[in-house]
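What the coordinates show
So the chains spell out like this:
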Amino acid sequence: MSAVEVWWARLDDSRPALADDLDAVERERLNAYARDEDKARFLLGVAIVRRVLGVHLLLPPAAVQLDRTCPDCGRPHGKVHADGMQVSVSHSGDLIGVAFHPSTPVGLDVELVDPKLDPDALATITLADSEAAHLTRYAETDRARAFTQYWTRKEALVKATGDGIRADFRKIVVTPPDQPAAVLDWPAHTGPVQLADLAVDAKHVASLAALTSAALTVHSIDAAPLLTR
Ligand SMILES: CC(C)(COP(=O)(O)OP(=O)(O)OC[C@H]1O[C@@H](n2cnc3c(N)ncnc32)[C@H](O)[C@@H]1OP(=O)(O)O)[C@@H](O)C(=O)NCCC(=O)NCCS
């Protein structure tokens, strides 16, 4: 398969003019966020989607047609669907990423590692027994990061299928965080899948899934120049 492009922005890349390209639904969602940081993360995700697809389709960003219909409730907060491109958006902390592939469904998840989270408690509801047992081998100072890597691997998988958090994370078994990312057991999914961790920065972890049997090649691209135009 051709490479998956993952475009990355940081909160600092946000600027009000990016909102000019939003459609009415996106504007409504933008205005509904109470915190400036949440507004900026959403705005940057939309701007990357629209600008990258605009280049691909030879259209102005505002003219790109997107479908965000949630299969559960019909509201426009679901996975982004666009003609001729598979897309996955993720944002957390300082980072906003969008993965693109012309034909293969992709799932991207980035998370800020929160040193205050309780990995042992979260493990009981999100990790398989074998994963939770492996997590206890990490020193307490490393455990939040290890848990978060388990989480991004699983969330990348369910974002690729579009199931999102409806999926039972305890029934998806992935390799331990100190080993290369791979799926060990996922009874609910019978098709091909590839999984990889993406190097981002010291504060965040990120994973990418693609529903293919072909080897995964990832191009990480700085979105900042695209966002200043
Ligand atoms: C998608 C989901 C996994 C997001 O996790 P998160 O860590 O909070 O957020 P991320 O930043 O990683 O991802 C958000 C992006 O995922 C995308 N997304 C939403 N639903 C998705 C789904 N079912 N599958 C894949 N991607 C989805 C959107 O593009 C969203 O970006 P946006 O804010 O620009 O619209 C989670 O919210 C989910 O499963 N949602 C669907 C189920 C749900 O919420 N149902 C209740 C409402 S009916």
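Heads up: these notes are all about the structure in this document. Worth saying up front: this structure is predicted, and the values here are computed from it rather than measured.

Time to look at the overall build of the protein chain. A count of helical and extended segments in the protein chain gives six helices and 10 strands. Based on the C-alpha atoms only, the size of the protein chain along its principal axes is roughly 50 × 35 × 35 Å. Within the protein chain, buried positions represent 47% of all 229 residues. Contacts spanning at least 24 positions in sequence make up 61% of the contacts within the protein chain whose residues lie at least 6 apart. For the protein chain, the accessible surface area stands at approximately 11,200 Å², while carbon and sulfur atoms represent 54% of it. Separation of charge centres in the protein chain, based on 24 positive and 32 negative side chains, amounts to 2 Å.

Glancing now at the site of the ligand. In the region of the ligand, 20 residues are neighbours, and S90, H91, E155, K159 and I165 sit closest. H91 has a polar side-chain atom sitting 2.9 Å from an oxygen atom of the ligand. Residue K159 places a side-chain N or O atom 2.8 Å away from an oxygen atom belonging to the ligand. In the complex, the protein chains occlude 77% of the 890 Å² of accessible area that the ligand would expose alone.

The subject of this paragraph is the sheet that holds strand β10 (residues 218-222). Across the sheet, which stays open at both edges, the five strands sit in the order β2-β3-β4-β1-β10 with mixed pairing between neighbours. Both outer strands of the open sheet, β2 (81-82) and β10, are each paired with one neighbouring strand and no more. By the bridge criterion, seven bridges tie strand β3 (residues 85-92) to strand β4 (residues 95-101) in an arrangement that is antiparallel. The residue bridging Q86 from the neighbouring strand is H101, located in β4. In the packing of helix α2 (residues 36-57) onto the sheet, contacts are made with β1 (4-10), β2, β3 and β4, and the angle to β4 comes to roughly 30°.

Attention now goes to the layout of surface pockets. A volume near 920 Å³ is recorded for the largest pocket. Every residue lining the largest pocket is counted, 38 residues in all, and those nearest its centre are H77, G78, K79, V89 and K159. For the lining of the largest pocket, the elements supplying multiple residues, two or more each, are α2, β3, β5 (106-112) and α5 (140-161). When its residues are assigned to classes, the lining of the largest pocket shows 14 nonpolar, 12 polar and 12 charged. Taken together, domain 1 (1-104 + 214-229) and domain 2 (109-211) each give at least three residues to the lining of the largest pocket, which thus spans both.

Rules used in this analysis
Residues numbered from 1 in each chain as written. Predicted model: local features only at pLDDT ≥ 70, side-chain atom pairs only at ≥ 80, totals over all residues. Heavy atoms only, no water. Helix = DSSP H or I, 4+ residues; strand = E, 2+ residues; numbered from the N terminus. Buried < 20%, exposed > 50% of the residue type's maximum accessible area, 1.4 Å probe, protein only. Contact = heavy atoms within 4.5 Å. Areas by Shrake-Rupley, 256 points an atom, 1.4 Å probe, with all protein chains shown as cover. Lys, Arg positive; Asp, Glu negative; His and termini not counted. Charge placed at Lys NZ, Arg CZ, Asp CG, Glu CD. Near = heavy atom within 4 Å. Polar contact = N/O pair within 3.5 Å; in protein donor to acceptor, adjacent residues only side chain to side chain. Pairing = 2+ DSSP bridges. Axes fitted to C-alpha atoms, helices over the stretch in contact; angles between N-to-C directions. 1 Å grid on protein atoms, 1.4 Å probe; cavity = no way out; pocket = protein on both sides within 12 Å on 5 of 7 lines; lining within 4 Å. Points joined across faces, edges and corners; volume = space filled by probe spheres on them. Nonpolar A, V, L, I, M, F, W, Y, C, P; charged D, E, K, R; others polar. Domains from an automatic or database assignment.

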